Amino acid sequence: MDLSREGVVDGLQRIVEPGDVITDEKILIESSVDNFRKLQNIFGVHTMPVPAAVVMARSTEKVAAILRFADRHGINVIPRTGGTATEGGLESAVPDSIVIDGSAMNEVVNIDAYNMQATCQCGVPLQVLEDRVRELGLTTGHSPQSKPVAHMGGLVATRSIGQFSTLYGGIEDMVVGLEAVFPNGAVTRIKNVPRRAAGPDIRHVVIGNEGALCFITEVTVKLFPYFPENNVFLGYTLKDMKTGFEALRAVMVNGYKPSVARVYDPGDAGLHFSHFVADDDCVLLFMAEGPAGIAKATAAGVEGIVAAFPECTRVDSAYIETWFNDLCWGPDKITAEDERIRQTRNVNRTTEISADWSSINDIYQAARARIIEEIPDITMMGGHSSHSYINGTNMYFNYFFNVVDVGPAEETTKYYLPIISIICEETLKRGGSIVHHHGIGKARAPWVKDEYGSSYYILETLKQAFDPDGIMNKGTIFPL
Amino acid sequence: MGMGGLNTEAIPSQMSDLRVLACFKATPDFEALREADWATAAAGGVETRYVRRVLNCFDESALELALRLSETAARRGVRAELGALSVGGRDVEPYLKTLVALGYERATRVPPEAAGGESEVAGGESGLDFAPGVVASIIAAYAQRVAHSDLVVLGWRSGPGDSGTVPFRVAEALGWPCLTQVTEVEPLSDDRLRVACVADDGPLRLTLRGPCVLAVGNAVVSHLRVPTLKDRLARRHRPIEVLAAADLGVDIAAQRHRETCLPTGFETIDRSRRGVVIEGQSPHDKAQTLFDSRLRDIMETL
């Protein structure tokens, strides 16, 4: 980097309106982290290098100009929209970075109800898009817990997945085209077509790049008809996760597509379902949706399959429906959770992995046992599987610990990273993936070579090709 | 764990210097229930059977304040014995287990049903939501006859069926004073407490001697600490005591019959306000429109 901090700000002010270059200390500090350091954020402790500026992007052309400027001077750039990342992907790993904030690019460009696709800029909150298409009787089919606050650009950049993924797929199954800007200022548009076989699918260079290759400015996603009146909920209690995984597998391999298919272990079930389950109960649940005939047939099929597992006891569907209606986290819940943590120093973290049906239960059991044994001050160690496929499923480890005898800055090193380490080790040992849908960020970047094995060559070459000067989000995906 | 008999010998009262009884109610989490899903239950009231339970927020403060009181007392050479009591069904047991893991020495629930045993349905409606007199009788009888309490701490109000009168009725039944809107409590000796509360004309700090009922209000401490899995494991064999109201000399059916206020119907009060979305090209434009259309006249009047 050949510019001073002041030089970076001055250069940016020549590219965009001066008011769009933010140097307010509080905003810079807030923009230096994401939820990976949420305890530090809650207690107002800041340990990451402070960016030189947050620059509000208002057009693709301005993004291109900013990136060219950063590339020319070797300045680290961190793309950001909704800021809901959890894995440190938005942290400024080096001093005097530029945070390009795309949240002001918030126009829903087009809703094409005939071709069933919607185009929007990167800063459109998913909730806004979903509300708009719902007015037309449509849905994006995408509903991550962060829906009220996450933006479309960030969701695509992190390969997000939603609660109805078993039916609609992850964001990679929804994106039909997009626009992205690369560090040399190249603006690339991938056209919106149903499918093509004209070489590799280059959408996947962009989807999930976590800001380490390019800045996503616009995305086009599929739309689906919305039939909430046909939703059918099914819930069961059972005594062990192995049976739960087996039941999920049976539903998937028999060709059914419930939109929600989950199994919760007793610890995690206790957080959500303690009003109708015993201490040692797991909970298996499904939601079937779509046109009436499909929803009904799906529910009947799932019910028939689960009936073959006598360990599963049916519960009143109203329990599941009521729970389902309160799944998403908006600012109100986030604020309440922050206050709870501030008072109790009891922190909730999650880590998600995936594996084939043969391995998932072993990973769950081994990681859980090790964490309880090796990590101090654990108050809950549980998890659930929430996204299933024909060949396997995910495990969403959900855990709480009390932060004892250390300050907020040491929480990651004493508790969080050692737990992540155990989960990654046990997953890699059995051939699973260390990241299911949060992105690698910086937290799991140390394991990226083990995750990819010999195919790391492809990933590394993408970085060298598209970001030869290494200015894009240093430390994310590719460890420093 | 069955319906246990009255056991006043479990913890000899002379062993502790200060016996604190903290009472709580597990209430439906109304924030998890969409207003569109509000329905009237067969027994009257909003149908909350399917909603998860949470600790009543004021009771949660009371439970944590009691723990802090115990710790402060220990540092000052006073042993405080903590007991937790809930008039509730099986759905309060997870909370009682948590309290035991946190160091509460005694955890008790009294099922809200009249003689004949409790409902098998976990998460069922408390039959005493609108019977504050019955609840207060149970708490007072337990405090006096079982726990031999020196201090009763509980939230000043609770969720559904809230009358705001339970602390007063407990105090009346025990013949003790009742302090309301309590925000802090600190032991000074085995029989003296310093209590902070909010009175009509501002915050107040009192030093008390003798037994009393503390009704906790908007305390800064609003969350209960969380026990570790190891704490839970270490205390997992400590029983949750289940006492029938009759064992405490309380006849629920007869007392309930005397309650003068019972719900007969519910309706939502519409508190929505009309809103206007101000359009404009920029924040400046919007502010100008707001000023011109709404504020200018008001400010000129002022």
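Everything numeric here is computed off the predicted structure, so don't read it as measured data. (Residues numbered from 1 in each chain as written. Chains lettered and ligands numbered in written order. Predicted model: local features only at pLDDT ≥ 70, side-chain atom pairs only at ≥ 80, totals over all residues. Heavy atoms only, no water.)

**A few points about the interface of chain A and chain B**
Item 1. Taken together, the contact between chain A and chain B spans 23 residues of the former and 25 residues of the latter.
Item 2. Carbon and sulfur atoms make up 50% of the area that chain A and chain B hide from each other, which totals about 2,000 Å².
Item 3. Interface area lost by chain A to chain B is led by A:His275, A:Thr322 and A:Gln343, which between them contribute 28%.
Item 4. Between chain A and chain B we count two salt bridges in total.
Item 5. The shortest N-O distance in the salt bridge between A:Asp326 and B:Arg52 comes to 3.6 Å.
Item 6. Run the count over chain A and chain B and you get nine residue pairs in polar contact (both at pLDDT 80 or more).
Item 7. Those elements giving two or more residues to the side of chain A that touches chain B turn out to be helix 11 (266-273), helix 13 (317-324), helix 14 (331-344), helix 15 (357-374) and strand 17 (378-385) of chain A.
Item 8. Of the residues contributing to the side of chain A that touches chain B, the split by class is seven nonpolar, nine polar and seven charged. (Contact = heavy atoms within 4.5 Å. Buried area = accessible area lost by both parts, 1.4 Å probe. Salt bridge = Lys/Arg side-chain N within 4 Å of Asp/Glu carboxyl O. Polar contact = N/O pair within 3.5 Å; in protein donor to acceptor, adjacent residues only side chain to side chain. Helix = DSSP H or I, 4+ residues; strand = E, 2+ residues; numbered from the N terminus. Nonpolar A, V, L, I, M, F, W, Y, C, P; charged D, E, K, R; others polar.)

**What about the domain arrangement of chain B?**
Item 1. Under the domain assignment, chain B is made up of domain 1 (13-258) and domain 2 (276-302).
Item 2. The gap between the C-alpha centroids of domain 1 of chain B and domain 2 of chain B is 50 Å. (Domains from an automatic or database assignment.)

**Side note on the pattern of salt bridges**
Item 1. On inspection of all chains with the given rule, the structure shows 42 salt bridges over all chains.
Item 2. Among the ionic pairs, A:Arg5 bridges to A:Asp96, the shortest N-O distance being 2.6 Å. Here A:Arg5 is found in helix 1 (residues 5-15), whereas its partner A:Asp96 is found in the loop between strand 3 (77-80) and strand 4 (98-101), with 91 residues between them in sequence.
Item 3. In this structure, B:Glu64 engages B:Arg68 in a salt bridge whose closest nitrogen and oxygen atoms are separated by 2.9 Å. Within this pair, B:Glu64 and its partner B:Arg68 are both found in helix 1 (residues 57-75), separated by four residues, close to a single helical turn.
Item 4. Since its relative accessible area comes to 2%, B:Glu64 is described here as buried.
Item 5. The network of salt bridges with shared partners includes A:Arg370, A:Glu374, A:Glu425, A:Glu426, A:Lys429 and A:Arg430. (Buried < 20%, exposed > 50% of the residue type's maximum accessible area, 1.4 Å probe, protein only.)

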